[in-house]
Amino acid sequence: MSQPPAAPPPAGGPAREPAREPAAAPGTLDRLTDLGFAAGWSLVKAVPQWAADGAFRVAADTAFRRRGPAVRQLARNLHRVLGPRSTPELLAATVQAGMRSYARYWQETFRLPAMDRDAVAVQVDAATVGREHIERAQREGRGIVLTVPHAGNWDIAGLWVTHHFGRMTTVVERLRPESLYDKFVAYRESLGMEILPLTGGAPPSATLRERLTAGGIIALVGDRDLSANGIPVTFFGEPARFPAGPAMLAALTDSYLCPTDLRFTADGWAQHIHPPLELAGTRLAAQVRSGAQQIADVFERGIGAHPTDWHMLQPFWPGDFPAGHPAGVPIKNPPATASVPTAARR
């Protein structure tokens, strides 16, 4: 595929990235990260909404103008999403709006503990399509797997599920430092979620199967594979790898598998829970391949319709991985060659 329209990026990285010179000792950086998030949770929820809106918008626009590695990688990813209609002007506007959407996610993360959760759940419910699929699964005593992309506000969606349907189980990547991971676990548990670590403990698959067999609800991010065992799919016309977990768990437990689109609205949130997928084939491997590609197809339509709410700032397609990088192994550091054109200031 073609590369994003190029323009020499100015020096500097996104505001959220630490300066590289001088390098901080790992322990010092961990403590600073922990203190930064702790300050976010304590301070952001205390300031007026208008002030938080302005501060996070400025932070997003500053990161966009600096065009650090994460912003350049977002441009590469959104260039693929936009496809033939991707012009320098449209791509720049989409990336800038995408950074504002990403900043909004973090603002809401810090403010949610102080928000009226009942009111939030009611507002989300008014913009939800497909609630009946969860209700049907519960009537039948059947498990359901809700698989979502890195889009919109995942925590708001989880709050909606726990508010209306009770407990929900999910898996999270272990963060560094450990104290920061503990804060995120406590935060999401406060929203009614059961949190299982992806690594650093017992493999979560057995517990997830137990929850589904008992008719429970689990939610899993389904667009970026964090293992070396991803399923090959076609996504926006290019080879990519999606995690096997959602389709495999649904097949093994005869549970519903419902891809779910998440996005922001001007003053709230919207979600579309799609009907349960039919997994083709009689063998598990074929069913997992079928499910992964169907999830990719649903996500492609949803992300294509609302590209600015897809918060994928990491290399996603193998075409962006460095030469010699093992297939199926995700990386976190965007290549330095990606670039983003200058946007007209809005």
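Because the structure is a prediction, the values reported are computed rather than measured.

Attention now moves to the pattern of salt bridges. Per the stated rule, a full pass over the model turns up 14 salt bridges. Between Glu108 and Arg104 there is a salt bridge, with the nearest N and O atoms lying 2.8 Å from each other. In this pair, Glu108 and Arg104 are both assigned in helix α4 (residues 88-111), 4 residues apart and thus about one turn of the helix distant. What makes Glu108 buried here is its relative accessible area of 9%. Salt bridges here are not isolated pairs; linked through shared partners, they connect Arg76, Arg80, Glu238 and Asp320.

On the secondary structure map, His311 appears in the segment after α11 (284-305). Within polar-contact distance, the side chain of His311 engages the side chain of Ser101 at 2.8 Å. Leave out the neighbours within four places in its chain, and His311 touches Gly98, Ser101, Tyr102, Tyr105, His150, Gly152 and Phe264.

The tally for this structure, following the rule as stated, stands at 14 aromatic pairs. When the ring of Phe235 is compared with that of Phe236, the centres are 4.8 Å apart and the planes differ by 75 degrees; the resulting orientation is edge-to-face. The class for Phe235 is buried, based on a relative accessible area of 0%. Geometrically, the ring pair formed by Phe242 and Phe299 is tilted, given 6.2 Å between the ring centres and 40 degrees between the ring planes. Of this pair, Phe242 sits in strand β7 (residues 238-242) while Phe299 is found in helix α11, placing the two residues 57 residues apart along the sequence. Overall, Phe242 belongs to the buried group, its relative accessible area being 0%.

Scoring rules and cut-offs
Residues numbered from 1 in each chain as written. Predicted model: local features only at pLDDT ≥ 70, side-chain atom pairs only at ≥ 80, totals over all residues. Heavy atoms only, no water. Salt bridge = Lys/Arg side-chain N within 4 Å of Asp/Glu carboxyl O. Helix = DSSP H or I, 4+ residues; strand = E, 2+ residues; numbered from the N terminus. Buried < 20%, exposed > 50% of the residue type's maximum accessible area, 1.4 Å probe, protein only. Polar contact = N/O pair within 3.5 Å; in protein donor to acceptor, adjacent residues only side chain to side chain. Contact = heavy atoms within 4.5 Å. Phe/Tyr/Trp six-rings, centres within 6.5 Å; stacked < 30°, edge-to-face > 60°.

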